[in-house]
Amino acid sequence: MKYCIYALLLLFTVTINAQSKVIYTYAIKGKDTLKLDVYKPNNIKPTDSLPVLLWIHGGGFEIGSRDNEPDRKLCEYIANKGYIGVSISYRLLRKNSETHFGCNCDNDLKLNVFKEAITDYFDAANFIVHNSKSLQIDTTKIIAGGSSAGAEVVLNAAYMREYFIDNLQSYEDVKFAGVFSLAGALVNVNYLTKQNALPTVLFHGTDDNLVPFATAPHHYCETSKPGYIILDGSSVIAKKLSDLETPYLFYMVKGAKHEISSVPFKELESVLDFFKRTVLDDVIIQTKIIKQKQQ
């Protein structure tokens, strides 16, 4: 698909509590104008260069927006903690589809949807990297984060870029420092290696009925269904990171389903402490926290 990446395009700025939000267009692809919101602390100094959370929302590649209330509040929280929060739009290629992104959506089509969303994510990452000076972003400290479909995007972007990205040279300046996944999965955990392993935060319910907790079919589709495709979920990813002696923080919730894809506001302090110690201070921490679903 032909598209063009726009130079820095400032639309408008608003002030929210202790942060300012600025909206940029990072790409135009066909009829889709893709934007991102940048949340900065109001007390940021002209010489500051801050770590960033590059966030992508969920919604089954069908619904959702970058300024959903939880995603907006997450970025506001991040900005209050000395980060820059960036929440992006991307092409919702299953919007208004009769087969959605479930068992009747052909598995090759699923992989293509992953590929296009991952490409959008890399284009957004390229945009903030190439405009890092004006955005005051430390390009060595980019945390790739997302929930549900967005978590699938960031995990596969971080660990399977060679599989999904055709023109790797275009994104050679994009380097992630960590991953924050809420109910996500990889297409193939074997692509996670010692060379590309990153400090990773994983949240997942053991009974997730959409994105598998371990290794299982996406949406638990039967083998006869067009949408049958095997994914490796958070428990498998955590095991691989453990074997590779790479930092991880794994919150598993027994009995919980896909609701664990919601932003865990009560745990964000621990999440940021993990990234501070592993990404900023280069400490190896491997932690699994097991909780029971609240009735």
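The structure we're discussing is the one just above.
Keep in mind it's a predicted model, so treat the numbers as computed, not measured.

Here is what the cut-offs are and how they apply
Residues numbered from 1 in each chain as written. Predicted model: local features only at pLDDT ≥ 70, side-chain atom pairs only at ≥ 80, totals over all residues. Heavy atoms only, no water. Pairing = 2+ DSSP bridges. Helix = DSSP H or I, 4+ residues; strand = E, 2+ residues; numbered from the N terminus. Contact = heavy atoms within 4.5 Å. Axes fitted to C-alpha atoms, helices over the stretch in contact; angles between N-to-C directions. Salt bridge = Lys/Arg side-chain N within 4 Å of Asp/Glu carboxyl O. Buried < 20%, exposed > 50% of the residue type's maximum accessible area, 1.4 Å probe, protein only. Disulfide = S-S within 2.5 Å. 1 Å grid on protein atoms, 1.4 Å probe; cavity = no way out; pocket = protein on both sides within 12 Å on 5 of 7 lines; lining within 4 Å. Points joined across faces, edges and corners; volume = space filled by probe spheres on them. Lys, Arg positive; Asp, Glu negative; His and termini not counted. Polar contact = N/O pair within 3.5 Å; in protein donor to acceptor, adjacent residues only side chain to side chain. Phe/Tyr/Trp six-rings, centres within 6.5 Å; stacked < 30°, edge-to-face > 60°. Core = buried A, V, L, I, M, F, W, Y, C linked by side-chain atoms within 4.5 Å. Nonpolar A, V, L, I, M, F, W, Y, C, P; charged D, E, K, R; others polar.

Draft legend 1. Broad picture of the sheet that holds strand S12 (residues 230–233). Pairing is antiparallel in the open sheet, where 3 strands are placed in the order S9-S12-S11. Taken across any chain shown, the strands that pair with only one partner, and hence form the sheet edges, are strand S9 (185–186) and strand S11 (215–217). Here S11 runs beside S12; their pairing, made up of 3 bridges, is antiparallel. Bridged to Thr215 within S12 is Asp232. Contacts from helix H6 (residues 234–243) reach S9, S11 and S12, with the element oriented near 60 degrees to S12.

Draft legend 2. Spatial organisation of the pattern of salt bridges. Within the structure shown, the criterion is met by 15 salt bridges. Here Lys29 makes a salt bridge to Asp120, at a shortest N to O gap of 2.5 Å. Here Lys29, found in strand S3 (residues 19–29), pairs with Asp120, found in helix H2 (residues 107–130); they are 91 residues apart in sequence, far enough to count as distant. By the burial criterion, Lys29 is buried, and Asp120 matches it. Across the salt bridge formed by Asp166 and Lys115, the nearest N and O atoms sit 2.9 Å from each other.

Draft legend 3. Highlighting the state of the cysteines. Taken as a whole and assessed by the stated rule, the structure comprises 1 disulfide. Here Cys105 is not cross-linked by a disulfide; its sulfur's nearest cysteine counterpart is in Cys221, at 9.3 Å. For Cys105, a relative accessible area of 1% puts it in the buried group.

Draft legend 4. Geometry of empty space enclosed by the protein. Enumeration according to the criterion identifies 1 cavity of 30 Å³ or more in this entry. Approximately 50 Å³ is the volume found for the largest cavity. Along the walls of the largest cavity sit Leu53, Leu74, Ile78, Tyr83, Ile143, Phe180, Leu268, Val271, Leu272 and Phe275, which together make up its complete lining. Listing elements by their share of the lining of the largest cavity, those giving two or more residues are helix H1 (69–80) and helix H7 (268–280). If you tally residues by element for the lining of the largest cavity, the top one is H7, at 4 residues.

Draft legend 5. Looking closely at the side chain of Asp71. On the secondary structure map, Asp71 appears in helix H1. Here Asp71 is buried and forms no salt bridge, its nearest opposite-charge partner Arg72 lying at an N-O distance of 8.9 Å. Sequence-distant contacts of Asp71, that is, excluding residues within four places in its chain, are made with Trp55, His57, Ser65, Arg66 and Ser87.

Draft legend 6. The environment of His258, seen in detail. As for its placement among the helices and strands, His258 is situated in the loop between strand S13 (248–254) and H7. According to the relative accessible area criterion, His258 is buried, its value standing at 13%. Apart from the residues within four sequence positions on either side, His258 is in contact with Ser148, Ala183, Asp208, Asn209, Leu210 and Val211. Here Ser148 takes part through its side chain, which lies 2.7 Å from a polar atom of the side chain of His258.

Draft legend 7. Region of interest: the packing of aromatic side chains. For the structure on display, the rule yields 16 aromatic pairs. Their ring planes at 85 degrees and their centres at 6.3 Å tell us that Phe61 and Tyr90 sit as a pair that is edge-to-face. Of the two residues, Phe61 sits in the loop between strand S5 (50–56) and H1 while Tyr90 sits in the loop between strand S6 (84–88) and H2, which places them 29 residues apart along the sequence. Residue Phe61 shares its accessibility class with Tyr90, and that shared class is buried. Plain terms: the ring middles of Phe122 and Tyr171 are 5.4 Å apart, the flat faces sit at 50 degrees to each other, and that makes the pair tilted. A residue pair is termed long-range when its members are at least 10 positions apart, and Phe122 in helix H2 and Tyr171 in the loop between helix H5 (161–164) and strand S8 (178–182) qualify at 49 residues. Here Phe122 falls in the buried class, since its relative accessible area comes to 1%. Residue Tyr171 is classed as buried on the basis of its relative accessible area of 2%.

Draft legend 8. Highlighting the nonpolar core. In terms of nonpolar packing, the biggest core is built from 70 residues, with Leu36, Tyr121, Ile128 and Phe176 touching the most fellow members. The element that contributes the greatest number of residues to this core is H2, accounting for 12 residues. Discounting residues that sit within four places of it in the chain, Leu36 has contacts with Val22, Ile23, Tyr24, Tyr26, Arg66, Val86, Ser87, Ile88, Ala124, Phe127 and Ile128. If you look at the next biggest cluster of nonpolar residues, it comprises 24 residues, including Ile143, Val201, Phe275 and Val279.

Draft legend 9. Local environment of the layout of surface pockets. Reported here for the largest pocket is a volume of approximately 480 Å³. What lines the largest pocket is a set of 18 residues, among which Val253, Ile260, Pro264, Glu267 and Lys291 lie closest to the centre. Those elements that place two or more of their residues in the lining of the largest pocket are S13 and strand S14 (286–292). Among the residues making up the lining of the largest pocket, the classes are represented as 10 nonpolar, 3 polar and 5 charged. Taken as a whole, the second largest pocket spans an internal volume of roughly 230 Å³. Around the second largest pocket, the lining residues are Ala158, Tyr159, Arg161, Glu162, Leu168, Glu172, Val174, Lys175, Phe176, Gln195, Asn196 and Leu198. Sorting the residues of the lining of the second largest pocket by element identifies helix H4 (149–159) and H5 as the ones contributing at least two each. Residue classes in the lining of the second largest pocket are distributed as 6 nonpolar, 2 polar and 4 charged.

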